[in-house]
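Below, each chain spelled out in residue letters.
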Amino acid sequence: MTETARRLQEDGKRASQAVGEVPASLAVPMPVSPTAAPVWDDAANERARRQAQVRRVATRGLLYVTATFFALFAALPFGWMIFTVFKQNSDLYDPNRNPFLYNEPPTLNNITYLFERTEYATFARNTFIVAVLVVLITLIGAVPAAYSLSRLAGKWGEGLGIAIFLVYLVPPTLLFIPLSRVVADLGLRNTWWAMVLVYPTFTIPFCTWLLMGFFKSIPRDIEEQAMVDGYSRLGAIWRTVLPVSLPGLLTVVVFSFALTMHEFVYALAFVTSSQQKTISVGVTTELIRGDVFFWQSLMAAAAIVAIPIALLYNLFLDRFIAGFTLGAVKG
Amino acid sequence: MSASAQVDAAALADTRQGRYWLDRESVLGPVLLLPAVIYIIALVGIPLVLAVLYSLSDVTIGDQSIDFVGLKNFRDALDNTTFRTALQNTFVFTIVSQAVVLVLANILALVLSADFHGKRLVRFLVLLPWTTPIALGVLGWLWTLDNVYSPIDYLMRQAGLLGVGSPLGPDWFGTNSLWLAYPDRARLSVLIVHVWRTLPLATVILLAGLTAIPQDVKDAANVDGAGFFRQLFAIRIPLLLPIMAVAVLYGIVFTFTDLIVVFILTRGGPFDSTQVLATWAYFKGIEGGSLGQGAAIALFLFPVLVGVAALMLRIAKRAETV
């Protein structure tokens, strides 16, 4: 079909659409020359186009269905958690009622109960103090180490960096028994100081690795220039490299903070007094025991911590993943 | 005084004293590395050695002197039926959950690499199991799978799947499924929670790999008329293989060594049918007070971890040379 013919055909279609009820087959203009495409060919095109459209709609539909399924599966316990928080006892503990409805008006009493009648506030305070101290120790350990490995160590820097990263994979479940002895020998048994001491064993390795990637992306020129200007190496790092690396440092802060909130095994093994517990262990061991489960308050305790951490984590997600992929992805 | 004048003054001061000895890279490098290395040796290296010493001795929480008893702890562990259940469970949970995760993560990564409305929300929700503290998420599951008030049971009741004459079989005669009270159902629950928990990390790692496939490769495949499955098997999977390996290796480490899921969900029950190495080491070593026994049980985790570490090293080395 010639270019003119195609244009004519399109004009014809547009015209037929303007007219309205004209069937597609009639809208085809008269062939311009006897050799132009016969009418049946056009109908076949139409069918192919419809098929493609159906397939596109089906793909989109499948996409949305799959996405919804995974989102529901992942969010199920959290959704249920939040829905439970506002239920009244008489509503919640009646198996004959539809659990998906508020059969009685929602209440905030369960949250006030959590803060006023349980040690949740103490757990939260302990967690916060431990997290801040762990972040500080992690920065002191990881920043110099990462700089050294990415800038000064030369060839073996990368290898040593990976070795340090692998320490992150040494699980608490392998170390908690001997570490409980170390902690006891240092007189830290049953205090949150034990966690301050031990948590950097997994934050320093991961953060060193994260920061190595970050430092490598900063051109060497900037501290060399500063050194030419007369600063010592340390002065140059302090005045040029660290300010430029601020996003990387922030990532490290957030990651160490989040990992501290996540940790469970060491906290479980080292601390038995409820006054010294952090949230993840305090909530699951102190609030869960006893004859009655205060499920609404328990769920409030979990959700209040879980959701903000998830939001924080999401902000820095791409950087964390860059660390996890071990450089096997060239981005 | 202007800024440049200050810099000049600093420069002068430096030249007068000569360069710091610290400025020599051969000195500064190790010095900066030292704090981290000392920390790791003191609190990871030494405890690892201690773990081995403990496993060969009769040390308890009450009597902390290390008297060697040879391989007694390992023999005792192996003689115990609960230990054998724990060992088997640890492997089954890990292998099955990671096989499922590998399939699901590929599908989910494909979904998340497409553009659609509400994608940011879906991504946030899908990542929740990884971004929130595990203990708290599992607590949510404990309530969702509650013996009396489980919403899943309610739906199943409404659908007529529970009660006498249930189409699922005679075992579902009650008004509740008792997800955590029957050994089989408890194991299934633990498995599902493991899948739930490790799926997000595997997905985001695969997603990072997917987005890194060069556009010209995809274009070329499209021009050549390669269909979806052809592209999947000829391009995506081969190119993603190393990154899939990374994703699975993390999954293996995190599932194999996990204590939290079983501890919170079932405490190893019913009748120790869901114990894993980590929980059994905790119950024996910390709650039971027999540190030597606990250390020996935990050390059974070690060979698999060494294998995973070796594979990760190979992948990282290869990524470096490419």
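In case you missed it, the structure is sitting above this.
Each chain has its residues counted from 1, following the order in which its sequence is written. To read the labels, note that chains go from A and ligands from 1, taken in the order they are written. Per-residue local features are limited, in this predicted model, to residues with pLDDT of at least 70; the limit for side-chain atom pairs, both in listing and counting, is 80 or more; totals at the level of whole chains, interfaces and linings are taken over all residues.

1. Description of the overall build of chain A
And step 1. Secondary structure assignment for chain A yields 17 helices and zero strands.
And step 2. Expressed as a percentage of the 331 residues in chain A, the buried residues total 41%.
And step 3. For chain A, contacts bridging at least 24 residues in sequence account for 69% of all contacts bridging at least 6. Strands are runs of DSSP state E lasting at least two residues, helices are runs of H or I lasting at least four, and both sets are numbered from the N terminus onward. We call a residue exposed when 12 or fewer other C-beta atoms sit within 10 Å of its C-beta, buried when the count reaches 20 or more, and partly exposed for counts in between; the C-beta positions come from the backbone. Our contact criterion uses C-beta atoms placed from the backbone: two residues qualify when those atoms are within 7 Å.

2. Observations regarding the overall build of chain B
And step 1. Scanning chain B from N- to C-terminus turns up 14 helices and zero strands.
And step 2. Going from N to C terminus, chain B has its helices and strands arranged as α-α-α-α-α-α-α-α-α-α-α-α-α-α.
And step 3. Within these notes, the globule rule equals 2.2 Å times the number of residues to the 0.38 power, and the radius of gyration is based on C-alpha atoms. For 322 residues, the compact-globule estimate of 2.2 N^0.38 gives 20 Å, and the C-alpha radius of gyration of chain B, at 27 Å, exceeds that figure by more than 25%.
And step 4. Its C-alpha atoms give chain B principal-axis dimensions of about 95 × 70 × 45 Å.
And step 5. Taking all 322 residues of chain B together, 43% fall into the buried category.
And step 6. Intrachain contacts of chain B at a sequence separation of at least 6 include 69% that bridge at least 24 residues.

3. So, the interface of chain B and chain A
And step 1. Listed by partner, the interface residues are 86 residues for chain B and 84 residues for chain A.
And step 2. Broken down by element, the residue count for the side of chain B that touches chain A peaks at 15 residues, all from helix 2 (residues 25-55) of chain B.
And step 3. Of the residues that constitute the side of chain B that touches chain A, the class distribution is 71 nonpolar, eleven polar and four charged. Residues are sorted three ways: Asp, Glu, Lys and Arg are charged, Ala, Val, Leu, Ile, Met, Phe, Trp, Tyr, Cys and Pro are nonpolar, and all the rest, Gly among them, are polar.

4. Brief notes about the environment of leucine 63 of chain A
And step 1. When you line up the elements, leucine 63 of chain A lands in helix 3 (residues 39-85).
And step 2. The contact partners of leucine 63 of chain A, leaving out residues within four places of it in the chain, are Val111, Ala114 and Phe116 of chain B.

5. Remarks on the packing of helix 13 (residues 246-262) of chain A against helix 16 (residues 295-315) of chain A
Residue and element names in this part refer to chain A.
And step 1. To define axes, lines are fitted to C-alpha atoms, for helices over the stretch in contact only, and angles between the resulting N-to-C directions are given on a 0 to 180 degree scale. Packing of helix 13 against helix 16 brings their axes to within 11 Å, and their N-to-C directions diverge by 155°. Viewed along their axes, helix 13 and helix 16 adopt a mutual orientation that is roughly antiparallel. Helix 13 and helix 16 meet at a crossing whose hand is left-handed. Residues Val254, Ala258 and Met261 of helix 13 form the contact with helix 16, whose own contacting residues are Val305, Ile309, Leu312 and Tyr313. An angle below 35 degrees is treated as roughly parallel, one above 145 as roughly antiparallel, one from 65 to 115 as roughly perpendicular, and anything else as oblique. It is the rotation of the near helix from the far one that decides the hand of a crossing: anticlockwise by less than a right angle makes it left-handed, clockwise makes it right-handed.

6. Observations regarding the nonpolar core
Within soluble globular proteins, side chains that are nonpolar tend to cluster in buried spots.
And step 1. As used throughout, a nonpolar core is a set of buried Ala, Val, Leu, Ile, Met, Phe, Trp, Tyr and Cys residues joined through C-beta atoms within 7 Å of each other. Counting 176 residues, the largest nonpolar core has Ala302 of chain A together with Val138 of chain B as the members making the most contacts within it.
And step 2. A total of 14 residues in this core trace back to one element, the largest contributor, which is helix 8 (residues 183-211) of chain B.
And step 3. In this structure, alanine 302 of chain A is in contact with Met81 and Val283 of chain A together with Leu136, Leu139 and Gly140 of chain B, ignoring residues within four places of it in sequence.

7. Quick word on the packing of helix 2 of chain B against helix 13 (residues 291-299) of chain B
Residues and elements named next belong to chain B.
And step 1. Interaxial distance between helix 2 and helix 13 falls to 7 Å at its minimum, and their mutual angle equals 115°. In the packing of helix 2 onto helix 13, the handedness of the crossing is left-handed. Contact residues: Ala51, Val52, Tyr54 and Ser55 in helix 2; Leu291, Gly292, Ala295, Ala296, Ala298 and Leu299 in helix 13.
And step 2. For the contact of helix 2 with helix 13, the per-class residue count stands at eight nonpolar, two polar and no charged.

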